[in-house]
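Overview (structure and organization)
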Amino acid sequence: MLRNNPGKLKESQRRRGLDPKIVDRARLYDELWRRKLSELNELRHAHNVITREIGRIKDSTLRSKRIEEAKALLHKIKALEDEVERYKALRDKLLLSIPNVVHETVPEGEGEEDNVPVYFYGKPKVWRGYLDKFLLQVNEANIDYEVVERRPLSHYEMGYTLGLIDTERASKVAGSRFYYLLEDLVWLELALILYALDYLSRKGFIIIEPPFMMRRRPYEGVTSLSDFEDAIYKVEDEDLYLIATSEHPIAAMYMNEVIPKGELPLRYAGISPCFRKEAGAHGKDTKGIFRVHQFNKVEQFVFSLPEDSWKLHEELLNNAVELWKGLGIPFRIVNVCTGDLGVVAAKKYDLEAWMPGQGRFREVVSCSNCTDYQSYRLNIRYAKARGLPAEGYVHTLNSTAIATSRAITAILENYQTEDGCIEIPRVLRKYLELFPKAPKEYICPKDRGKE
RNA sequence: GCCGCGGUCGCCUAGCCUGGUUAGGGCGGAGGGUUGCUAACCCUCUGGGGGAAACCCCACGUGGGUUCAAAUCCCACCCGCGGCGCCA
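First, a word on scope: everything that follows refers to the structure included in this document.

The rules behind each value
Residues numbered from 1 in each chain as written. Chains lettered and ligands numbered in written order. Predicted model: local features only at pLDDT ≥ 70, side-chain atom pairs only at ≥ 80, totals over all residues. Heavy atoms only, no water. Pairing = 2+ DSSP bridges. Helix = DSSP H or I, 4+ residues; strand = E, 2+ residues; numbered from the N terminus. Axes fitted to C-alpha atoms, helices over the stretch in contact; angles between N-to-C directions. Contact = heavy atoms within 4.5 Å. Parallel < 35°, antiparallel > 145°, perpendicular 65-115°, else oblique. Left-handed = near helix turned anticlockwise from the far one by under 90°. Disulfide = S-S within 2.5 Å. Buried < 20%, exposed > 50% of the residue type's maximum accessible area, 1.4 Å probe, protein only.

Here's the deal with the sheet that holds strand S14 (residues 360-369)
- Strand order across the open sheet formed by 8 strands is S1-S12-S13-S14-S17-S11-S10-S6, with mixed pairing between neighbours. Single-partner strands in this sheet number two, and they are strand S1 (116-121) and strand S6 (206-208). With direction set aside, neighbouring strand axes in the sheet form an average angle of 25°.
- Sheet analysis places S1 next to strand S12 (residues 331-335), joined by 5 bridges and oriented antiparallel. Residue pairing for S12: Val-116 is matched across the bridge by Asn-335.
- Across the face of the sheet, helix H4 (residues 131-138) comes into contact with S1, S12, strand S13 (347-355) and S14 while running at roughly 25° to S14.
- Running at roughly 10° to strand S11 (residues 294-304), helix H7 (residues 183-202) makes contact with S6, strand S10 (266-275), S11 and strand S17 (395-403) of the sheet.

A word on the packing of H7 against helix H13 (residues 404-414)
- Two elements in contact, H7 and H13, have axes separated by 10 Å at closest approach and are oriented at 115°. It follows from the interaxial angle that H7 and H13 lie roughly perpendicular. For the pair H7 and H13, the sense of crossing is right-handed. Between H7 and H13, the residues in contact are Leu-185, Leu-188, Glu-189, Leu-192 and Ile-193 and Thr-404, Ala-407, Ile-408, Ile-411 and Leu-412, respectively.

Digging into the sheet that holds strand S9 (residues 257-260)
- Within the open sheet, the 3 strands sit side by side as S9-S15-S16. Their pairing is mixed. Since the sheet does not close on itself, it has two edges, and those belong to S9 and strand S16 (392-393), each with one partner.
- Judged from the 2 bridges that link them, strand S15 (residues 380-383) and S16 form a sheet pairing that is antiparallel. From the neighbouring strand, Arg-381 faces S16, where its bridge partner is Tyr-393.

Considering the state of the cysteines
- Applying the stated criterion across every chain yields a total of 1 disulfide.
- Each sulfur of the disulfide joining Cys-421 and Cys-444 lies 2.2 Å from the other. Taking the torsion about the S-S bond as the criterion, the Cys-421 to Cys-444 disulfide, at about 115°, is right-handed. Placement of Cys-421 in the loop between H13 and strand S18 (422-423) and of Cys-444 in the segment after strand S19 (442-443) is noted, with a sequence separation of 23 residues between them.
- For Cys-444, a relative accessible area of 12% corresponds to the buried category.
- No disulfide involves Cys-274; its nearest neighbouring cysteine sulfur is the one of Cys-370, lying 15 Å away.
- Under the relative-accessibility criterion, Cys-274 is labelled buried at 0%.
- Free of any disulfide, Cys-367 has its nearest cysteine sulfur in Cys-370, 9.7 Å distant.
- Using a relative accessible area of 0% as the deciding quantity, one classes Cys-367 as buried.

What follows is the structure, given as structure tokens:
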């Protein structure tokens, strides 16, 4: 890309509001690196020739003369090696700092507020007090909604009323942004996980539980360094990091491998806890379980041929859409703009659920096509058949199916009944039937049974 | 955690003790030849990088070291297997 199509890289940099000159500098270092590498190879060749000769020489004076020659060459080689290494490092540092090339359908913009809504679903319940705020967010789109007079409780008020979320004791034990989830909400979480895995496995996804920790090297392949330092927990005294999502260990699974074309696309449905530092989010969503350091998530992940990835991107979005329609929660899809896209993705959709208690659409799903950004760094390629030379880098895609803490938040805010209970979405009920102590239709405060 | 053994070009394997022609062989795969067709057989290719090409360099788990020269000798680490210890 750097050599064949620098113009495209520059255009992408410009659209992201970054400096296109970085591309030129990278090209310069690449050129220098190549030139010096050729010189180095010539020197090494000369050295190899002498070295081979020494092995054959019997005469000791001639022999020691040759050894001196070889030694002299070694000094030059060492110096040149350092130079080559330096140029390569300079080039790679620049190259790795360049974010993924944005797709042409990504809107230009600076931040969250420039994301473009492309789809609405459901009939949001809007409290009169949030009506102006709501209308602003739907941006003149003609959508059906219902005005309610009573203010819906936020999910943390609801969790507190039900007595099924305990963030106070969690902060005593683990700090802020942790939680104890109890009883019916644990059942609800398990049902959500089973619902997502059931759906995806029927769609041909391979369900998978990955390692919850990984080494630094593979980790740097799947994410940008800035995300890495801000978001990821390290295990003390070990080269191990807690995963921020199962996307990461699944992507790294095929590191340094060549996948036969016939096996692609490979669809995985990962289930794992996710650990995130949430550094730099001070003051945001401090109450409840919307933004936390640890949650469980079912994730869609796909390795594909480059020519198929845009079609698969829509497929992943569609799966998320169907899952959330199934839950009966109103939402919108936004096409995430260049300023909010992140380094790894070429294009990203967010699915934002309507939260009646907050009067806002909030992100519950993020669906990205990372094209060859991860596969290049992880060296994951494809070939016609096993054993044949690789033809190129695969594309990787990922999308949330269901992140439990956010899905529970959405359910707590959207399914409130008049009498202070939570109705359980119908699609989840069959996953609760089996268990005598699991809630069936409603989750109610302990002192007010409803079933 | 300790002790022992091992890791070679997609897979299997030789080479390591005793440093020195080009890491040899088998399997699998791709292309071609022969053939009425298939099988068998024969030839070429089958790790990464630089180069328009000829060609050259790098690669024997990873990283260092010794040496003119390391798959081979030394050190550290990683992974696997076996034994001991510990343990949900």
